[in-house]
Amino acid sequence: MANIKSAIKRIQVNERNRLRNKSHKSAIRTLMKKYFAAVDAYQSNPSPEALEEVQQSMNLAYSKIDKAVKRGVLHSNTGARKKARLAKALKQDNTAAA
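Quick caveat: nothing in here was measured; it's all calculated off a predicted structure.

Asker: Which parts of the structure should I look at to understand the nonpolar core?
Answerer: Within soluble globular proteins, side chains that are nonpolar generally end up buried alongside one another. Core analysis: the largest hydrophobic core is formed by 18 residues, its most contacted members being Ile28, Tyr35, Val54, Ala68, Leu86 and Leu90. Put simply, the parts of the chain that give this core at least two residues each are α1 (5–44), α2 (48–71) and α3 (76–97). Sorting elements by how many residues they give to this core places α1 first, with seven residues. With near-sequence residues (within four places) excluded, alanine 68 lies in contact with Ile28, Val73 and Leu74.

Asker: Quick question: what am I supposed to make of the pattern of salt bridges here?
Answerer: A full pass over the atoms with the stated rule returns two salt bridges. Salt-bridge contacts for lysine 83 lead to aspartate 66; the nearest nitrogen and oxygen are separated by 2.9 Å. Taken together, the positions of lysine 83 in helix α3 and aspartate 66 in helix α2 put the pair 17 residues apart, joining distant regions of the chain. Overall, lysine 83 belongs to the partly exposed group, its relative accessible area being 22%.

Asker: How do you make sense of the side chain of serine 57 when you look at a structure like this?
Answerer: Residue placement: serine 57 occurs in helix α2. Classification of serine 57 as buried rests on a relative accessible area of 11%. The contact partners of serine 57, leaving out residues within four places of it in the chain, are Tyr35 and Ala38.

Asker: Looking at this structure, I do not really get α1. What am I missing?
Answerer: One full turn of an α-helix is made of 3.6 residues, so residues set three or four places apart face in the same direction. With 40 residues, α1 extends 59 Å from end C-alpha to end C-alpha; this agrees with the ideal 58 Å at 1.5 Å per step. Inspection of α1 places His24, Ile28, Leu31, Met32, Tyr35, Ala38, Val39 and Tyr42 among the buried residues, and these make up the whole buried set.

Asker: What am I meant to see in α2 here?
Answerer: Relative to the 34 Å expected for 24 residues at 1.5 Å per residue, α2 spans 35 Å between its end C-alpha atoms, a close match to the ideal helical length. All of the buried residues along α2 are Ala50, Val54, Ser57, Met58, Ala61, Ile65 and Ala68. Glycine 72 sits one or two positions beyond α2 and adopts a positive phi of about 85°.

So, how was this worked out
- Residues numbered from 1 in each chain as written.
- Predicted model: local features only at pLDDT ≥ 70, side-chain atom pairs only at ≥ 80, totals over all residues.
- Heavy atoms only, no water.
- Core = buried A, V, L, I, M, F, W, Y, C linked by side-chain atoms within 4.5 Å.
- Buried < 20%, exposed > 50% of the residue type's maximum accessible area, 1.4 Å probe, protein only.
- Helix = DSSP H or I, 4+ residues; strand = E, 2+ residues; numbered from the N terminus.
- Contact = heavy atoms within 4.5 Å.
- Salt bridge = Lys/Arg side-chain N within 4 Å of Asp/Glu carboxyl O.
- Expected span 1.5 Å × (residues − 1).

This is the structure:
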């Protein structure tokens, strides 16, 4: 444990930021899982309603990822990689359907 006052404050700030970052990352993982589930549902039963749900969940995930990058929770390359993974899942589904 730190003895210096500024070091103690830094520990507290780091812990607060760690918890905030953890909640953002958890929300991103949850939205990504929901998106992949929606893509699987669309792949098994293609319909306009299912495609609308896929687009909606993609928009939510993209928004959350972009906000995390803007706030410094994720590195910009990490955010781009996650968004590319989402787009790739839908693109593979579209090529499989065609």
